[in-house]
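Chain residues, written in single-letter form:
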Amino acid sequence: MSVNQQAHTGPPYGQPQPGYQGYQQPAYGGQPLPGVLQSQYGTYNGPMPGYQQPVPAQGYFPSLGFPSKGSPVSLNSDTSSLAPNFIGSLRAPPTSGAPPPSSGASLPSGHLVYSQFGHGDVQNGIPASAAPMQRPPASQPFLPGSAPTPANQTSTFQQYGPSPASVQQLSNHMAGMTIGSTAASAPPPAGLGYGPPTSVPPVSGSFSATGSGLYTPYTASQGPPPTTVSQGLPLAQPPFPSQPVSTQRLPTQVPGFAPAPSSTGIGPSSYPPTTGAPRPPTMPGPPLPGQTVAGPPASQPNHISSPPPPSTMSGLHPGPPMSGLHGPPPPTHPPQPGYQMQQNGSFGQVRGPQPNYGGAYAGTPNYGSQVGPPPPPKRLDPDSIPSPIQVIEDDRSNRGSEPFVTGVRGQVPPLVTTNFLVKDQGNASPRYIRCTSYNIPCTSDMAKQSQVPLAAVIKPLATLPPEENLPYLVDHGESGPVRCNRCKAYMCPFMQFIEGGRRFQCCFCSCVTEVPPHYFQHLDHTGKRVDFYDRPELSLGSYEFLATVDYCKNNKFPSPPAFIFMIDVSYNAVKSGLVRLICEELKSLLDFLPREGNMEESAIRVGFVTYNKVLHFYNVKSSLAQPQMMVVSDVADMFVPLLDGFLVNVNESRTVITSLLDQIPEMFADTRETETVFAPVIQAGLEALKAAECAGKLFIFHTTLPIAEAPGKLKNRDDKKLINTDKEKTLFQPQTSFYSNLAKDCVAQGCCVDLFLFPNQYLDVATLGVVTYQTGGSIYKYAYFQLETDQDRFLNDLRRDVQKEVGFDAVMRVRTSTGIRATDFFGAFYMSNTTDVEMAGLDCDKTITVEFKHDDKLSEDSGALLQCALLYTSCTGQRRLRIHNLSLNCCTQLADLYRNCETDTLINYLAKYAYRGVLSSPVKTVRDSLINQCAQILACYRKNCASPSSAGQLILPECMKLLPVYLNCVLKSDVLQPGPEVTTDDRSYIRQIVTSMDVAETNVFFYPRLLPLTKADVDSDSLPAAIRNSEERLSKGDIYLLENGLNIFVWVGVNVQQGLIQNLFGVSSFSQISNALSTLPVLENPFSKKVRSIVDKLQRQRSRYMKLIIVKQEDKLEMLFKHFLVEDKSLSGGASYVDFLCHMHKEIRQLLS
Ligand SMILES: [Zn+2]
């Protein structure tokens, strides 16, 4: 090392102080707004040992100087490649730059009392006065319209102009760079992320190749579908467990399952009662006149009939007022309005001409008794089939008012679309865990027969609403959390204390373990420990344990994590204004790094790297007058040229950091370098964290395919001609294994990689995203980034990403009670064995879907238990275990399974399963397998649970009546059936982000929310009632909003009143509305305010900031919008809901025949 290195005084990190006592509440989230009450975290103030009085966060002031420990890290000796440069050393340090650290510590501690245990007298110091969790949402400080930045801080933006001196000095270095050819083509207009609008093909034709033959597979002559599906799949690892349900294995009729018209829609009332609360009845669609079926309206299965023979056909009778058609109707029945006649035995004819939808199941001759040419097709009334909107509305009105109390085993929670509060009384909140079924079959045979996947969607660090308590932090002292001796399950509410409290029997493996003396407590007359309510781990479903040093890497407590910002400064990044934007933003954003509780400042250290073909490291040590740059041009063997001064505390180094961020855009303003490296950037971040002996996160801002000579160099291998061929899967696979190996190293170090991509062309998301994906990171993509239209979205994403709660160096294990075990996992993580899910970082949005299989019998009495344990390092560097427990019912009757399913969760699982399947199987095989599995699920229900009825009836389980419509949305999604406008990178991107989505996100992603804005009540806070996603629901005189978690469309009908257009867009006519708008203009009238508040509300609900797109009816962009009207037939060949339902019906009938 030559110049610019400060004397090395030791590594920046020392040993943190041990002794995490007290009962601290973790408290994440960004910096509170100035003047806003700091979060008050309830403490568990019971009198028990180990439950000490609350103490403020203590013992963690890493920036004040840990004792130095260890020897200096020797630097790589390859100094020849170092080209240190002074940056603007002539410039005096700014004097007014440092905004005061905003302090939350001195805020009043107003305790609002909220007790999850009620207010009765309970023994032993119930935590009845636990303070409310007022954690601000992670994104709150940066909500549009809010002012997170103190005024004086804003002023610092202005005061750091570019330094001419530094530019000149830098030019010495810049001159040495290779000047590449400038690919200076102007960026195309901002598109949707699906390619520039100019590339949108005309609506007409040319999609038949994609669309045809999608639903050709199973005709009677082809034999049973399951075997067909499983053919052609790799034997070693079939992507879909195709478990044929032969008709022989299905009993023709289950004794005791008599028809019961007044039963609950799931089966006759003679079924054994379940302890779980059945879904409240729903009534989608108004009852129609002329109903002949008695009984509560909501208690019927969903019938959709096959038509009767033509001779008796006089119209479809809307049977039980549930959601379907019933038949055959009595001959005397008059035709029903809205239910047009079905005449040819092929219920569910296609609606009107559908030239691209190759007739595979339209008017199928082998369906029904009709022979000869079918009569002209008639449409099935969409109002008669199950409506997602109705199901959502019913659940809201039935379950939105009462808190969901988790004290009862196997309760199905309200839908994700319902707003409800959760009271933890022994099971984890559905915000943490949702299951496909809350009543699982006792035997493997039963599970296979039903084909219902048993899966849990787990979001271990989920954000809770302010009214709910964060998990309490429990300290069991030096010996660590109390665990089962054999299976190592953690102490939880389901452990049975015996022998007067001296031992406990494990609820997972039945092993008996001695209670450690310090943990002993007497039992009351019911066998319950008398400190039951004092201990979260005995009475709550979710809580945290403080981990001891045994749970730490190398038996050493971790250091606080670090964030490293790594900015692409190649030509495109600079020219688009991106580099300047990032640097400006970081100056204020660094004040909002994650912290806990009353900490005055974040413990997280920061570092900065810029790169193109070479890497530039920056020394921002607080004692420097100006930052120093060190260039590493030998990218083949990456190392970090400086240690001391690279990772720094923000407040200590503020002036140097601000100076750096001012100078970076100037330094590279004239760059001609278009080529970039990528893998060396990750390697550099990884090496820096290794040297600092800490975990952390890399924020990489990247623009191009990395074609510069370096490890991990990529080539453009995009080829859309591979779509619908056996090689399509290669589009989703990384082009080299280099990045997987790099990801493994990153996970070992706890180095999480968040990737922000700004491509103007293909950059191989499938390969670049590998490290992000396997380290638990997040990926964001802004195609054709343009400052004016995209900066809001990018900045909001960045702010949320930097501030959100994240755990590092995380390992998750799911334990189960005897009889089932976790067998498969989906999400963004790495696995080095078959049980442990490893994530370098896990944030509050990341979800892991876990599948379970039987390995033994379960019993109805004991049910089944899950315990998810997540070991992680908090943003303060504290090692913790977060535990979530969930108890499920077990059943011997299939009807109980079908009565306790959750379709939204099922779809989450199926989508992730399918999206993984495309890596190894042809996409068509994946689609067919999905259809087949769902047909088997519904056929099994029909065979075993539904009351006997006409074979022509489609009968859906109440809890799964939306399975066909949602499944169709998955099948039509861009990954499984891309339209011509969808790029290869789009598909890889969506494949990756869906894999980490929770149930609410997959729900709105696959079935977007469509709101009639012109129906909004400007005087109320509520959203207008959603409508179904079909063009025929749109009125030319109205304005609609559609959101799917990634985009928001505002669709304007051609006949919208001029006054509304004026009020919303500030222009006088439809033709003057610009669809280049990326935000709605701020206008002072009630309609504008209402619409903007709706948009803001939706943005806050989503983990990504959605892109706003204005679509005028009959405009070119409307095609993109129509892509999201998922009940309609899609341009890429996807079936309409009605058609698909008919197809599913046919599949089911074939399975049953
Ligand atoms: Zn055990």
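Nothing here was measured: the structure is a model prediction, and the numbers come from that model. (Residues numbered from 1 in each chain as written. Predicted model: local features only at pLDDT ≥ 70, side-chain atom pairs only at ≥ 80, totals over all residues. Heavy atoms only, no water.)

It is worth spelling out the pairing of strand E16 (residues 628–632) at this point. Taking burial as the measure, the five residues of E16 include five buried ones, the bulk of the element. Taking every second residue as pointing to the same face, both faces of E16 are buried, with Gln-628, Met-630 and Val-632 on one and Met-629 and Val-631 on the other. When strand E15 (residues 615–619) meets E16, the two strands line up antiparallel, connected through five bridges. What sits directly across from Asn-619, in E16, is Gln-628. (Buried < 20%, exposed > 50% of the residue type's maximum accessible area, 1.4 Å probe, protein only. Helix = DSSP H or I, 4+ residues; strand = E, 2+ residues; numbered from the N terminus. Pairing = 2+ DSSP bridges.)

Before going further, it helps to examine the coordination of the zinc ion. Bound to the zinc ion on the protein side are Cys-484 (SG), Cys-487 (SG), Cys-506 (SG) and Cys-509 (SG), at distances that span 2.2 to 2.3 Å. One way to put it: the four donor atoms around the zinc ion meet at angles of 100 to 116 degrees, and that makes the site tetrahedral. One chain supplies every donor for the zinc ion, spaced along it as C-x2-C-x18-C-x2-C. You can call Cys-487 partly exposed: its relative accessible area is 21%. (Donors = N, O, S within 2.8 Å, 3.2 Å for Na, K, Ca; no water. Tetrahedral: all angles 85-135°; square planar, octahedral: opposite > 155°, others 65-115°.)

As enumerated under the stated definition, the model contains 50 salt bridges in all. One salt bridge connects Glu-544 with Arg-882, and the closest N-O pair in it is separated by 2.7 Å. Of the two residues, Glu-544 is situated in strand E12 (residues 542–546) and Arg-882 in strand E25 (residues 879–891); the sequence distance between them amounts to 338 residues. Summarising the burial analysis for this pair, Glu-544 and Arg-882 share the class buried. Among the salt bridges present, the one from Glu-1084 reaches Lys-1089, with a minimum N-O distance of 3.2 Å. The exposed category is assigned to Glu-1084, whose relative accessible area is 66%. Taking the relative accessible area as the measure of exposure, Lys-1089 reaches 44% and is therefore partly exposed. Among the charged side chains, a network of salt bridges with common partners joins Arg-800, Asp-801, Lys-804, Asp-843, Asp-845 and Lys-846. (Salt bridge = Lys/Arg side-chain N within 4 Å of Asp/Glu carboxyl O.)

Time to look at helix H10 (residues 654–667). With 14 residues, H10 should reach 20 Å at 1.5 Å per residue; the first-to-last C-alpha distance of 20 Å fits that figure. Burial analysis of H10 places 13 of its 14 residues in the buried class, which makes it a mostly covered element. (Expected span 1.5 Å × (residues − 1).)

This part is about the pairing of strand E20 (residues 806–816). The element E20 is extensively covered by neighbouring structure, given that nine of its eleven residues are classed as buried. Relative to strand E22 (residues 837–843), E20 runs antiparallel, the two being bridged by six bridges. Residue pairing for E22: Met-812 is matched across the bridge by Val-837. Two elements, E20 and strand E24 (residues 864–873), share seven bridges in a ladder whose sense is antiparallel.

Bringing the environment of Val-677 into the picture now. Looking at the secondary structure, you find Val-677 in the loop between H10 and helix H11 (679–692). With a relative accessible area of 1%, Val-677 lands in the buried category. Note: C-alpha distance between Val-677 and Ala-710 (33 residues apart in sequence) is 6.4 Å. Those residues within four positions of Val-677 in sequence are excluded, and the remaining contacts are Tyr-611, Asn-612, Lys-613, Leu-615, Val-635, His-702, Pro-706, Ala-708 and Ala-710. (Contact = heavy atoms within 4.5 Å.)

The next point concerns the sheet that holds strand E23 (residues 848–854). Sheet strands associate in pairs through backbone hydrogen bonding, adopting either a parallel or an antiparallel arrangement. Spatially, the four strands line up as an open sheet ordered E5-E7-E23-E21, and their pairing is antiparallel. Every other strand in the sheet has two partners, leaving strand E5 (433–435) and strand E21 (820–826) as the edge strands with one partner each. Between one strand axis and the next, the sheet turns through 25 degrees on average, direction left out of account. Pairing geometry for strand E7 (residues 454–458) and E23, over five bridges, is antiparallel. Each residue of the ladder has a partner; that of Val-457, found in E23, is Thr-849. (Axes fitted to C-alpha atoms, helices over the stretch in contact; angles between N-to-C directions.)

What follows is about the packing of helix H16 (residues 903–917) against helix H19 (residues 984–995). Viewed as axis vectors pointing N to C, H16 and H19 meet at an angle of 140 degrees, and their least axial separation amounts to 9 Å. Judged by the inter-axis angle, H16 sits oblique to H19. Taken as a pair, H16 and H19 cross one another with a handedness that is left-handed. In contact with Lys-912, Tyr-915 and Arg-916 of H16, H19 contributes Ile-990, Arg-991, Val-994 and Thr-995. The residue inventory of the contact of H16 with H19, partitioned by class, reads three nonpolar, one polar and three charged. (Parallel < 35°, antiparallel > 145°, perpendicular 65-115°, else oblique. Left-handed = near helix turned anticlockwise from the far one by under 90°. Nonpolar A, V, L, I, M, F, W, Y, C, P; charged D, E, K, R; others polar.)

Considering the arrangement of structural elements, one finds Gln-878 in the loop between E24 and E25. Judged by its relative accessible area of 2%, Gln-878 falls in the buried class. A polar contact of 2.7 Å, which involves the side chain of Gln-878, links it to the side chain of Arg-880. (Polar contact = N/O pair within 3.5 Å; in protein donor to acceptor, adjacent residues only side chain to side chain.)

So, about the side chain of Glu-851. Following the sequence through the fold, Glu-851 ends up in strand E23. Of note is the side chain of Glu-851, whose polar atom sits 3.0 Å from the side chain of Tyr-909. With sequence-adjacent residues up to four places away left out, Glu-851 is seen in contact with Leu-454, Ala-455, Arg-821, Ala-822, Thr-823, Asp-824, Tyr-909 and Tyr-913.

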